[in-house]
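Observations on the model geometry
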Amino acid sequence: MASIFSKIASGEIPSYCCAADDEFYAFLDINPLVKGHTLVIPRREVDYLFDLSDDELARLQVFAAHVARAIRQVIPCVKVGQAVLGLEVPHAHIHLIPLQSERDMLFSNPKLQLPADEMQRIADDIRAAFRP
Ligand code: 5GP
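Figured I'd write up the structure that's included with this text. (Residues numbered from 1 in each chain as written. Predicted model: local features only at pLDDT ≥ 70, side-chain atom pairs only at ≥ 80, totals over all residues. Heavy atoms only, no water.)

Quick notes on the overall build of the chain
Each helix and strand counted, the chain has 3 helices and 5 strands in total. Seen in sequence order, the chain has helices and strands lined up from the N terminus as α-β-β-β-α-β-β-α. A globule of 132 residues ought to have a C-alpha radius of gyration of about 14 Å, and the chain, at 14 Å, matches this closely. Overall size of the chain, expressed as C-alpha extent along the three principal axes, is 35 × 30 × 30 Å. Within the chain, buried positions represent 46% of all 132 residues. Considering only contacts in the chain between residues 6 or more positions apart, those separated by 24 or more positions represent 58%. Of the roughly 7,300 Å² of accessible surface on the chain, a fraction of 53% belongs to carbon and sulfur atoms. In the chain, 13 side chains carry a positive charge and 18 a negative one; their mean positions are 7 Å apart. (Helix = DSSP H or I, 4+ residues; strand = E, 2+ residues; numbered from the N terminus. Rg over C-alpha atoms; globule rule 2.2 N^0.38 Å. Buried < 20%, exposed > 50% of the residue type's maximum accessible area, 1.4 Å probe, protein only. Contact = heavy atoms within 4.5 Å. Areas by Shrake-Rupley, 256 points an atom, 1.4 Å probe, with all protein chains shown as cover. Lys, Arg positive; Asp, Glu negative; His and termini not counted. Charge placed at Lys NZ, Arg CZ, Asp CG, Glu CD.)

Concerning the nonpolar core
Core analysis: the largest hydrophobic core is formed by 30 residues, its most contacted members being Leu28, Val40, Phe63, Val67 and Leu96. When residues of this core are traced back to their parent elements, those giving at least two are β1 (17-20), β2 (24-28), α2 (54-74), β5 (94-99) and α3 (116-129). By residue number, the principal contributor to this core is α2, which donates 7 residues. Counting residues in each nonpolar core, the second largest holds 9 residues, with Ile8, Ala9, Tyr25 and Val89 among its members. (Core = buried A, V, L, I, M, F, W, Y, C linked by side-chain atoms within 4.5 Å.)

Next comes the structure, spelled out in structure tokens:
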């Protein structure tokens, strides 16, 4: 059965898309730590990020860097941080998190629930700033 993130990447389940190409897909985390918290996934379904081939991992990282640059242009932050957990969803993904301080990266923090129109606007802004 396809993972929830495969269904998101295929459009079967809706998401706030931030960037996409044939191989990778970026979308807003539904329960963000901060505004602009984005997930970047390979469309190919692999559970553990570090099981990707060296080449695929390198391409994913470059794609994520391009997404991070777009996030930094539209979300006020010092830098965009990157994290890998994968404890909840068994489909490899990178978290990109706009940081004002290291506390923004604490996954034990309460998650935000933003209105749909705000999530849509953030995703639209990131997509407009994204340069592959
Ligand atoms: P992890 O697997 O890295 O521990 O956490 C998975 C992340 O995916 C969490 O931050 C969670 O909020 C996010 N997430 C889980 N299900 C969905 C979903 O259906 N849509 C979106 N956009 N994010 C999700």
